[in-house]
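Each chain, letter by letter, is given below.
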Amino acid sequence: MPRALPYLLLLPATLFLVVFFLYPFVNVAWDSVTRGGEMTLANYQRMASHWKFPTAFWNTLLLAGIVVPIQLAMALTMASIVTKLQKGRSTLLYIFAIPLGISDLAAGLIWLAIFEQSGFLNSMLYGLGVIERPILFLSYQNTWVILLAIVLAEVWRATAIMMVILVAGMGLIPKEYGEAAEVFGASRWQRFTRVTLPMLKPSLQTALILRVILAFEVFAVVVALGGTQFPVLMSETYQWQFTMQDRGVAAAYAMVILGISVAFTLVILRLLHVPKEARI
Amino acid sequence: MTEAGTQDAPPAPDRVRRSGRWVFVTGVGLLVAWVLVPIWLLLANALSAPAEVTAFPRSIIPSFDTASLEFFFGFRGVLDALWNSIQVASVTMIVAIGLGAPAGYALSRFDFPGKEAFRFLVIMTRAFPLPLLALPLAVMFIRTGLDDTILGLALVHATLALPFAVLITFSLFSGIPVELEEAAWTLGCTRLQAVIKVVLPLAAPGIAASAVFAFVISWNEVFAAAVLTIENRTLTAFLLQSLDVSPLHLKFAGGAALVIPALLFIFAVRKYLFAMWGIANR
Amino acid sequence: MAEIRIKGVAKDFGTFTALHDVDLTIADREFMVLLGASGCGKTTLLRIIAGLETATKGEVWIGDRRVDQLPPRERGIAMVFQNYAVFPHLTVFENIAFGLRMKRMPQAEVTRRVTRTAELMHIEQLLKRYSGQLSGGQRQRVAVARALAMEPEVILMDEPLSNLDALLRLEMRAELKGVLAGSNTTTIYVTHDQVEAMSLADRISVMNGGKIVQAAGPVEVYRNPAARFVGSFIGNPPMNFLSASPAGAGQWQVGGQVFAGPEAPAAEFAIRPEDLHPSDTGLPAEVRVVEPLGPHTLVTATVAGQPFRAVIDSTLVPRPGDVLHLAPMADRIRWFNPETQKAL
């Protein structure tokens, strides 16, 4: 068997990733610290001094801070239900997984149908006699409603990915551990917190990392529901690249997103670290 | 058990179990509604006449008027965008599987120096906000003439899909016992023949599912599509750009056009959801 | 002619040496069993002969061809795998026909051979089924039929019966022996089951620590183990070993008794548990555990503080604490060099 075979098989994918992943990243990093060919921090200064930057930065963190914990709780609930179920398991799993295939833009539009002025929420409130005429929910006066709508849309759209990872992780935990805990007198809740959760750590880790990074990349949902009234890092990146035609500042934004993504990844890796010997 | 025995038995545990069951069923019902109702509402809008969409109050029952959809598909640029989306997603699918499957096979069948480094490279891609790649690539593409082309965007989308393709096919091939291949060798197959005659038929459904998955990744991607295309907009880029200017019924019909294929895709690959994400644990 | 010659074959996995310079010649049409505990290198040796593993050094010859650089398909072998490796996407017919189709054999010949081997393995009524519809035993039959259909010079079998339950294993063992005796192939059969090895083999190669310790006929291996390991590995219960102290030229004292033995600086006494009979003057064995097994009784005891087992007639019922006097049959006593562990 030729020794070179595995390398030949890996070569195309590796080359591809080098050209379209490593090289552009070096490029972004370079673009962010140069202006007109000179090393400078001007891009970062320009980014940070723009009035929208702090808002975009905190909005992004706030969104992630609200959305991810809700999703974690919901994903755990859904995964527990699916794992427990014997009948109708695959149907329920399919339904829960549907949002996985739905684009964030489509998700934004779906929730726009609910929150817009002539939308379903207004119609329902009107029908119930709570309001007399439709309210303009998604306006700059109602930033918190925009936030709520974005949170709902994000929770709706991206919980599925965590759920599927957690279901897969729960499937790896042999039933005997739970049964053993039951024999030793653990209640249902204790079994969940003392047996399932600790053994689920590797999956939780993956799910959280994936989800947190995606949360920092939130873009189309925000644009669909809030337009430019709710700036986040990704939408600002887009603005600088397109509307302002300033690649350097856009690159600086990209580095900020990259920076917080890496930072949070490291934190999650650290918090949910499971030593190799202690894995299933 | 006698009748008296039944009456004497303490009823409490049974009642607790029954009420627990009721809570469980209600919870499941609510979660199902949570997922399905918003989709229903979007479809209800898409299947209503334009005037009804902006009318107030909205009925949650659609009138099954296709005027919105007709308007949408008749709108200038929509059909082109749809066609672009399909082309980009198809090329993405081919590139991701074509490059990813051999790599997945190599990872599952060989031990060699550098294997861990490659796995690290693949896993690392998931820790980075990949759509941002579109920024430097936009410049690179202008230099190479790939700007605003189907291929250029598909290459970026393939960067998103390739790591998944590698990991999914890795898990698929790992699930096929090496002995089957070895048996084929002892029965007269070359390495390639064994892959074609034994491994591929067994992995085919899973590979198809991961191809569909790559298609969906591209189909749904917004940021890179919006950054990299100007004339040749994909459907997502088209919808994003026209958000400010287009009437509501156009947005909703567009949303429905994005969602319906996604529903079918997920249905098609539902058996392989775990193969795709379960591997995330390794 | 498919004589197999293995010359100085060694295999390293990183720093671990799985095989040390193995030499072995297997005669044409011989049934050779490689026997040993897991990790002894027997499967590695088989896979090197098959071409599924590359030897670090050494040569493999089949007939007059040197094959160690050839891919498996060019070696004229067929193999039966431990987990059967029946292709799940093909019917039983197509599984058996697989190798023949690779040789581009005409359809009529394929059908003839598949039918013949299927009949031989009693699976002719399963030809249209898929592997998922078969039991373990049936899959095993398909795997053997697939190998036989190739009419190879050499059949290699890697623990083919170990995944079957006990009763089925017994049945398949006898059947395999019959079928392979009727074919003209040289067979190499890997197992960790000594009973399987004894019942099937023309010759057994007992392996330990990546070396062949002894290669001989089953009775020879049992009666005259070439090394202490062979005696302790083959036989259930295994051979007893007792330390011996010199008592004059060729005389050794063992457990208070004097036996005639080899002239050597040191020696260890060995006797099989069934080669003992109760007497007034035998080795004094203090009984610890008595296990009546039906046809005979197994007694676990100590002789001069060393563990000792005896298989005695079931009419005798000793109790724990009793002292039995067990006389070894003189012609069954074996002696080993305590240094080299080899037979004296």
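Quick caveat, the model's predicted, so the values are computed rather than measured.

(A) Looking closely at the sheet that holds strand β2 (residues 16-26) of chain C. All names here are of chain C. Reading across the sheet, the four strands line up as β2-β1-β4-β5 and stay open at both edges, with antiparallel pairing between neighbours. The sheet terminates laterally at β2 and β5 (65-66), the two strands that pair on one side only. As judged from the two bridges shared by strand β4 (residues 57-62) and β5, these two strands associate in the antiparallel manner. Across the sheet, Ile-62 pairs through a bridge with Arg-65, a residue of β5.

(B) Structural view of the pairing of strand β9 (residues 203-208) of chain C. Residue and element names in this part refer to chain C. Pairing of strand β3 (residues 31-35) with β9 involves four bridges; the strand directions are parallel. Looking across to β9, one finds that Val-33 is bridged to Ile-204. Sheet analysis places β9 next to strand β10 (residues 211-216), joined by five bridges and oriented antiparallel. Counterpart to Ile-204 in the pairing with β10 is Ala-216. Connecting β9 to the antiparallel partner β10 that follows it, the hairpin turn spans two residues, and Gly-209 within it adopts a positive phi of roughly 55 degrees.

(C) Seen up close, helix α6 (residues 115-126) of chain B. The end-to-end C-alpha distance of α6 of chain B is 18 Å, a good match for the 16 Å that twelve residues give at a rise of 1.5 Å each. When we look at burial in α6 of chain B, the residues that qualify are Lys-115, Phe-118, Arg-119, Leu-121, Val-122, Thr-125 and Arg-126 of chain B. One face of α6 of chain B carries all of its buried residues, which in axial projection span an arc of 160 degrees. Away from the buried face of α6 of chain B by more than 90 degrees, exposed residues Glu-116, Ala-117 and Phe-120 of chain B are located. If you follow the buried residues of α6 of chain B, they end up packed against α1 (5-33) and α10 (201-216) of chain A together with α5 (78-109) and α8 (150-174) of chain B.

(D) Looking closely at the interface of chain C and chain B. Residue-level contacts link 18 residues of chain C with 16 residues of chain B. For the pairing of chain C and chain B, the buried interface totals around 1,700 Å² over both sides, and the portion due to carbon and sulfur atoms is 75%. Among the residues of chain C in contact with chain B, Arg-73, His-89 and Met-102 of chain C are the three that bury the most area, contributing 34% of the side total. Summed over the shared surface of chain C and chain B, the number is one salt bridge. Two residues, Glu-182 of chain B and Arg-47 of chain C, come together in a salt bridge whose shortest N-O distance is 2.6 Å. At the boundary of chain C with chain B, the tally comes to three residue pairs in polar contact (both at pLDDT 80 or more). Looking at the side of chain C that touches chain B, the elements with two or more residues in it are β6 (77-80) and α2 (92-102) of chain C.

(E) Broad picture of the domain arrangement of chain B. Residue and element names in this part refer to chain B. For chain B, the domain assignment lists domain 1 (3-68) and domain 2 (69-281). Contact with domain 1, which involves twelve residues of that partner, is made by 13 residues of domain 2. Taken together, the links from domain 1 to domain 2 amount to zero salt bridges. Scanning the region where domain 1 abuts domain 2 turns up zero residue pairs in polar contact (both at pLDDT 80 or more). Elements represented by at least two residues in the side of domain 1 that touches domain 2 include exactly α2 (12-46), α3 (50-54) and α4 (67-74). Here the element with the most residues in the side of domain 1 that touches domain 2 is α2; it accounts for five residues. A class-by-class count of the residues in the side of domain 1 that touches domain 2 yields eight nonpolar, four polar and no charged.

(F) Region of the structure containing helix α4 (residues 136-149) of chain C. Over its 14 residues, α4 of chain C extends 20 Å from the first C-alpha to the last, a length consistent with the 20 Å expected when each residue adds 1.5 Å. Burial analysis of α4 of chain C places eleven of its 14 residues in the buried class, the great majority of the element. Among the residues making up α4 of chain C, those that are buried are Gly-137, Gln-140, Arg-141, Val-142, Ala-143, Val-144, Ala-145, Arg-146, Ala-147, Leu-148 and Ala-149 of chain C. Where the residues of α4 of chain C are buried, they touch α9 (178-186) of chain B together with β6, α2, α3 (107-120), β7 (154-158) and α5 (166-182) of chain C. Positive phi appears at Glu-151 of chain C, one or two residues downstream of α4 of chain C, with a value of about 45 degrees.

(G) Representation of the interface of chain A and chain B in the model. Taken together, the 88 residues of chain A in the interface contact 84 residues of chain B. Summed over both partners, the interface of chain A with chain B buries about 7,800 Å², with 84% contributed by carbon and sulfur atoms. Of all residues in chain A, the largest losses of buried area upon contact with chain B belong to Phe-20, Tyr-94 and Phe-120 of chain A, amounting jointly to 9% of the total for that side. Joining chain A to chain B, the criterion identifies zero salt bridges. Put simply, chain A and chain B have seven residue pairs in polar contact (both at pLDDT 80 or more) between them. Here the side of chain A that touches chain B takes 19 residues from α1 of chain A, the largest share from any one element. Broken down by class, the residue content of the side of chain A that touches chain B amounts to 67 nonpolar, 15 polar and six charged.

(H) Up close: the UniProt feature "domain: ABC transporter" (unreviewed entry) in chain C. UniProt feature "domain: ABC transporter" (unreviewed entry): in the numbering of this structure it lies at residues 4-234 of chain C. Secondary structure content for residues 4-234 of chain C is 36% helix and 26% strand, and the end C-alpha separation is 25 Å.

(I) Quick peek at the nonpolar core. Judged by nonpolar contacts, the single largest core of 291 residues is most densely connected at Leu-63 of chain A together with Ile-96 of chain C. Broken down by element, the residue count for this core peaks at 18 residues, all from helix α7 (residues 143-172) of chain A. Excluding anything up to four places from it in sequence, Ile-96 of chain C contacts Val-114, Thr-117, Ala-118, Ile-123, Leu-127, Val-142, Ala-145, Arg-146 and Ala-149 of chain C.

(J) Expanded view of the environment of Leu-132 of chain B. With respect to the helices, strands and loops of the structure, Leu-132 of chain B is situated in the loop between α6 and α7 (134-144). Expressed as a C-alpha distance, the spacing of Leu-132 of chain B and Val-227 of chain B, which sit 95 residues apart in the sequence, is 9.5 Å. Every residue in contact with Leu-132 of chain B, bar those within four places of it in the chain, is listed here: Val-28, Met-234, Thr-237, Ala-254 and Ile-257 of chain A.

(K) Focus on the pattern of salt bridges. Residue and element names in this part refer to chain C. Summed over all chains, the structure comprises 30 salt bridges over all chains. Linking Arg-112 and Glu-109 is a salt bridge whose minimum nitrogen-to-oxygen distance equals 3.2 Å. In this pair, Arg-112 and Glu-109 both sit in helix α3, three residues apart, roughly one turn of the helix. Residues Asp-193 and Arg-169 are paired through a salt bridge, measuring 3.9 Å at the closest nitrogen-oxygen approach.

(L) Broad picture of the UniProt feature "transmembrane region" (unreviewed entry) in chain B. All names here are of chain B. When the UniProt feature table is mapped onto this chain, "transmembrane region" (unreviewed entry) is found at residues 22-43, 86-108, 120-142, 154-173, 194-219 and 248-269. Secondary structure content for residues 22-43 is 100% helix and 0% strand, and the end C-alpha separation is 31 Å. Annotated as residues 194-219, this span is 100% helix and 0% strand, and its ends, taken at the C-alpha atoms, are 34 Å apart.

(M) View of unusual backbone geometry. Cis geometry marks the peptide bond from Asn-236 of chain C to Pro-237 of chain C, where omega comes out at 0 degrees. Tracing the backbone shows Pro-237 of chain C in the loop between α8 (228-233) and β11 (240-243). One non-glycine residue, Gln-245 of chain A, adopts positive backbone phi at about 55 degrees. Looking at where Gln-245 of chain A falls in the secondary structure, it is placed in the loop between α12 (233-242) and α13 (247-271). Owing to a relative accessible area of 63%, Gln-245 of chain A belongs among the exposed residues under this scheme.

(N) View of the packing of α2 of chain C against α4 of chain C. Residue and element names in this part refer to chain C. Interaxial distance between α2 and α4 falls to 8 Å at its minimum, and their mutual angle equals 30 degrees. It follows from the interaxial angle that α2 and α4 lie roughly parallel. For the pair α2 and α4, the sense of crossing is right-handed. Judged by residue contacts, Val-92, Asn-95, Ile-96 and Leu-100 of α2 engage Val-142, Ala-145, Arg-146 and Ala-149 from α4.

(O) Expanded view of the confidence of the model for chain C. Of the residues in chain C, 100% have a pLDDT of 70 or more, and the chain-wide mean is 91. Both scores are given for the predicted complex: the pTM is 0.82, the ipTM 0.84.

(P) Summary view of the environment of Arg-194 of chain A. Residue and element names in this part refer to chain A. Tracing the chain through its elements places Arg-194 in helix α9 (residues 188-199). Arg-194 sits in the exposed class, given a relative accessible area of 61%. Between the C-alpha atoms of Arg-194 and Gly-178, which are 16 residues apart in sequence, the distance is 9.4 Å.

Cut-offs applied
- Residues numbered from 1 in each chain as written.
- Chains lettered and ligands numbered in written order.
- Predicted model: local features only at pLDDT ≥ 70, side-chain atom pairs only at ≥ 80, totals over all residues.
- Heavy atoms only, no water.
- Pairing = 2+ DSSP bridges.
- Helix = DSSP H or I, 4+ residues; strand = E, 2+ residues; numbered from the N terminus.
- Expected span 1.5 Å × (residues − 1).
- Buried < 20%, exposed > 50% of the residue type's maximum accessible area, 1.4 Å probe, protein only.
- Arc of directions from axis to C-beta.
- Contact = heavy atoms within 4.5 Å.
- Buried area = accessible area lost by both parts, 1.4 Å probe.
- Salt bridge = Lys/Arg side-chain N within 4 Å of Asp/Glu carboxyl O.
- Polar contact = N/O pair within 3.5 Å; in protein donor to acceptor, adjacent residues only side chain to side chain.
- Domains from an automatic or database assignment.
- Nonpolar A, V, L, I, M, F, W, Y, C, P; charged D, E, K, R; others polar.
- UniProt positions renumbered as here; feature names shortened; annotations may be inferred.
- Core = buried A, V, L, I, M, F, W, Y, C linked by side-chain atoms within 4.5 Å.
- Axes fitted to C-alpha atoms, helices over the stretch in contact; angles between N-to-C directions.
- Parallel < 35°, antiparallel > 145°, perpendicular 65-115°, else oblique.
- Left-handed = near helix turned anticlockwise from the far one by under 90°.
- pLDDT = per-residue confidence, 0-100.

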